[in-house]
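Residue-level structural notes
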Amino acid sequence: MRTLPTGILSLDKMLRGGFRIGTVSEVVGRAGVGKTQLALQLCVMAARYGQGSIYIDTERKLSIQRLQEIANKRQVAFGYEGISNTPSRGLVFTHEEQEHESNKHNFARKQHQQQQEALPGCYKSSQQVLQSVTVHTPLTCAELISVISTLDEEILERNENASCRIIPSVSKKEENSVSSLCSFPVRLVILDSIAAPTRRDFGQMESAPQRASAVFHIAQMLKRLADQTNVAVVVINQVGQQSQFRQKQSNEQMPKGEGNNRSDYVAINAALGTSWHHCVTTRLLLEHGHDLQCYNRNYTINDAAAVKPIIFEKNYHKGSDSAEAAKSRLAHVRRGTLVKSNVSGPANVFLEMTSMGMNEFRNV
């Protein structure tokens, strides 16, 4: 594998196949935009292709329940088909016959699921996804550096002990048992987020040189890890504050037009400054669909592959949905912009948050 797909066709096309293995990529955006949701989805996608993940949770907000939900929803929607969820209809059974028919149906479904899960590119069960992910929870920069320094050994050990699949037992005695010795080789490392420990340790402006030094050291360790262990490193980053000068420049660059309010416009700037800016190979910016940066530039969500500069109120879902319904759906819409890449030019796609993670937005 040269890239790790995101499971979103338009986004993978924009990234030329997904997040590149052997490099450090960054996902940046405001709070609540879906950065962690995309990170969890990447863990599910890695397991889909028989690859494992390491999740470094510096904010300690990783939701196992949400990871299971994304895995379950995607497996049901895309993972395996061919057997209905209910036994044969239209027949009359006694109580004993119904129980026997139900057991036979469940057994056949489990066998079919196992056969499908063994196929390359098939979505795995939530249990398999959870077993493919190891989690670290450092709080400070020192703890984060300590964790990263041991990851190469962990990856080597996991890769040596990896097998291709996890086989759940279907016998009644071992119905809930799963082999704990099975795992996937590691192909993904997620750091969520890099800004949290630096802000805890170097919150004051006087500590800016020390923060820059720590960030540069962490970046070098991540780049070495990605290159030497052949993994995709995806770093979640928060949004930093804009200086008054930069804010004035952004306001002046914003196009004039109906609906624009320059005093309310706030340009998005990734945290950690220039010391981190040049350390990543790929940078993906996520924005809310109702974000001022989208809204005030008069972008309409008309197509997942193209952005048309038309005023939102007059054109979104014209003739099909009311303005209220359109704005309600807009709350789940995100715009992904490829800010930096050495294999693709600047581009953007529209995405939608759903129970199965992020999907391609379809204006239907």
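Residues numbered from 1 in each chain as written. Predicted model: local features only at pLDDT ≥ 70, side-chain atom pairs only at ≥ 80, totals over all residues. Heavy atoms only, no water.

Inspection of the entire model under this criterion finds two cavities of 30 Å³ or more. The space that makes up the largest cavity amounts to roughly 50 Å³. Around the largest cavity sit Met14, Leu15, Gly18, Phe19, Arg20, Thr282, Leu338, Ser341, Val343 and Ser344, which together line it. Looking at the lining of the largest cavity, its residues break down into five nonpolar, four polar and one charged. (1 Å grid on protein atoms, 1.4 Å probe; cavity = no way out; pocket = protein on both sides within 12 Å on 5 of 7 lines; lining within 4 Å. Points joined across faces, edges and corners; volume = space filled by probe spheres on them. Nonpolar A, V, L, I, M, F, W, Y, C, P; charged D, E, K, R; others polar.)

Aromatic ring pairs are described here by two measures, namely the spacing of the ring centres and the angle between the planes. Scanning the model with the defined rule gives one aromatic pair in all. Between Phe78 and Tyr123, the aromatic rings sit 5.9 Å apart at their centres with planes inclined by 35 degrees, giving tilted as the arrangement. Within this pair, whereas Phe78 is found in helix α3 (residues 64-79), its partner Tyr123 is found in the loop between α4 (95-117) and α5 (126-131), the two being separated by 45 residues in sequence. On the basis of relative accessibility, which here comes to 48%, the residue Phe78 falls in the partly exposed class. (Phe/Tyr/Trp six-rings, centres within 6.5 Å; stacked < 30°, edge-to-face > 60°. Helix = DSSP H or I, 4+ residues; strand = E, 2+ residues; numbered from the N terminus. Buried < 20%, exposed > 50% of the residue type's maximum accessible area, 1.4 Å probe, protein only.)

With that settled, the discussion passes to the packing of helix α6 (residues 141-161) against helix α8 (residues 208-229). Across the interface, α6 lies against α8 with an axial gap of 10 Å and an inter-helix angle of 5 degrees. As summarised for this structure, α6 and α8 are arranged roughly parallel, according to the angle between their axes. Residue-level contacts link Leu144, Ile145, Ile148, Ser149, Leu151, Asp152 and Ile155 of α6 to His217, Ile218, Met221, Leu222, Arg224, Leu225 and Thr229 of α8. (Axes fitted to C-alpha atoms, helices over the stretch in contact; angles between N-to-C directions. Parallel < 35°, antiparallel > 145°, perpendicular 65-115°, else oblique. Contact = heavy atoms within 4.5 Å.)

With that out of the way, let us pick up the pairing of strand β6 (residues 186-192). The element β6 is largely enclosed, with a buried count of seven among its seven residues. Relative to strand β7 (residues 232-237), β6 is paired through five bridges, and the arrangement is parallel. Residue Ile190 lies in a different strand from β7, and its bridge partner there is Val234. (Pairing = 2+ DSSP bridges.)

A large share of strand β10 (residues 282-288) lies buried, amounting to seven of its seven residues. Alternating residues of β10 divide into Thr282, Leu284, Leu286 and His288 and Arg283, Leu285 and Glu287, and every residue in both groups is buried. With five bridges connecting them, strand β3 (residues 24-29) and β10 associate as parallel partners. Directly across from Val28, in β10, lies its bridge partner Leu285. In this sheet, strand β13 (residues 333-340) lies alongside β10 in antiparallel orientation, the contact comprising six bridges. Bridging from a neighbouring strand, Glu287 pairs with Arg335 of β13.

Here the focus is the side chain of Ser193. Relative to the elements of secondary structure, Ser193 occurs in the loop between β6 and α7 (195-201). Under the relative-accessibility criterion, Ser193 is labelled buried at 0%. When neighbours within four sequence positions are excluded, Ser193 is seen to be in contact with Thr58, Glu59, Ile236 and Gln238.

In this fold, His136 is placed in strand β5 (residues 133-136). Once the C-alpha coordinates of His136 and Val147 are considered, the two residues, eleven residues apart in sequence, prove to be 7.5 Å apart. A polar side-chain atom of His136 sits 2.9 Å from a polar atom in the side chain of Glu154. (Polar contact = N/O pair within 3.5 Å; in protein donor to acceptor, adjacent residues only side chain to side chain.)

This brings us to the confidence of the model for the chain. Close inspection of predicted coordinates is inappropriate for parts of the model with low pLDDT. Per-residue pLDDT for the chain averages 75, and the proportion of residues at 70 or more is 62%. This model gives residues 243-266 a pLDDT under 50, and the stretch forms 37 contacts once residues within four places in sequence are excluded. Predicted confidence for residues 295-319 stays below pLDDT 50, and this span has 63 contacts to residues more than four positions away or in other chains. (pLDDT = per-residue confidence, 0-100.)

Tracing the backbone through its elements, the reader meets Ala331 in the loop between α13 (323-330) and β13. We classify Ala331 as partly exposed; its relative accessible area is 34%. Separated by 42 residues in sequence, Ala331 and Gly289 have C-alpha atoms that sit 6.4 Å apart.

Sheet architecture is open: nine strands sit in the order β5-β4-β6-β7-β3-β10-β13-β14-β15, paired in mixed fashion. Sheet topology places β5 and β15 (357-360) at the edges, where each strand pairs with a single neighbour. In this sheet, neighbouring strand axes are inclined to one another by 25 degrees on average, regardless of whether the strands run parallel or antiparallel. Bridge count between strand β14 (residues 347-354) and β15: four bridges; the pairing is antiparallel. Bridge assignment links Leu351 to a residue of β15, and that residue is Glu360.

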